[in-house]
Amino acid sequence: MNITASAIEFNNFELMFEIKYAKVFANQGKGMIICELLTDYIPIDDFKEVFSEISKIVENGKYEKFIFDKRSLRAFHQPSMEWYFLNWKNKMLELGLHKHRKILPDEKWFEKMVMIAKEQIMKNNPDNIIHLLDIKYCNSIEEAILV
């Protein structure tokens, strides 16, 4: 069993669904959802499908923290990030999901692309909700659960 699986099991997360691109776990008692990406790239329609399913989980429970494990990614897709940032996060905030923990791939270029894209999204969308969210970058599932 790997460290991520141990942290998920130790903290009593339940596997909600698993598809080609992602595994999603939830612990309603702790108010947390974990999305672990499984591939190096996700086409935008499949990305939206994963997050549509996560939305259903959030709608049917009381969740405040979302942990997004993107360590498997090797490609950065700007349109997916924009949709996630501007559409999905807005809807989730309305449902009480306001803590976001992100685990990025180890590649520094990926982190730089995320920061550049985030800056551009904020510049182009000054009415965004970023100031209402608690966003932190973490190095592991264990850390993301704790902070």
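Located above this text is the structure these notes cover.
Below, the structure is looked at part by part. Note that the structure is a prediction, hence the values are computed from the model and not measured.

All right, on to the sheet that holds strand E6 (residues 134–138) then. As summarised here, the arrangement of the six strands in space is E1-E2-E3-E4-E5-E6, forming an open sheet in which the pairing is mixed. Unpaired on one side and paired on the other, strand E1 (14–18) and E6 mark the two borders of the sheet. Direction aside, the axes of adjacent strands within the sheet are offset by 20 degrees on average. Note that strand E4 (residues 65–69) and strand E5 (residues 99–103) share five bridges and pair parallel. Bridging across to E5, Asp69 finds its partner in Ile103.

Right, let's talk about the pairing of E4 for a bit. With respect to burial, E4 is a largely interior element, five of its five residues being buried. Burial along E4 is two-sided: the face carrying Lys65, Ile67 and Asp69 and the face carrying Phe66 and Phe68 are both buried. Relative to E4, strand E3 (residues 32–37) runs parallel, the two sharing five bridges. Of the residues in E4, the one forming a bridge with Ile34 is Ile67. For the segment spanning E3, helix H2 (residues 44–59) and E4, crossover handedness is right-handed. With helix H3 (residues 78–94) bridging E4 and the parallel E5, this β-α-β connection has right-handed handedness.

Here we take up H2. Helix length check: H2, at 16 residues, gives a terminal C-alpha distance of 22 Å against a target of 22 Å (1.5 Å per residue), a fit within 8%. Buried within H2 we find Phe47, Val50, Phe51, Ile54, Ser55, Ile57 and Val58. All buried residues of H2 fall inside an arc of 160 degrees around its axis, so they share one side. Exposed positions of H2 whose direction lies more than 90 degrees from the buried face are Asp45 and Glu59.

Calculation rules
Residues numbered from 1 in each chain as written. Predicted model: local features only at pLDDT ≥ 70, side-chain atom pairs only at ≥ 80, totals over all residues. Heavy atoms only, no water. Pairing = 2+ DSSP bridges. Helix = DSSP H or I, 4+ residues; strand = E, 2+ residues; numbered from the N terminus. Axes fitted to C-alpha atoms, helices over the stretch in contact; angles between N-to-C directions. Buried < 20%, exposed > 50% of the residue type's maximum accessible area, 1.4 Å probe, protein only. Right-handed = clockwise from strand over helix to strand, strands pointing away. Expected span 1.5 Å × (residues − 1). Arc of directions from axis to C-beta.

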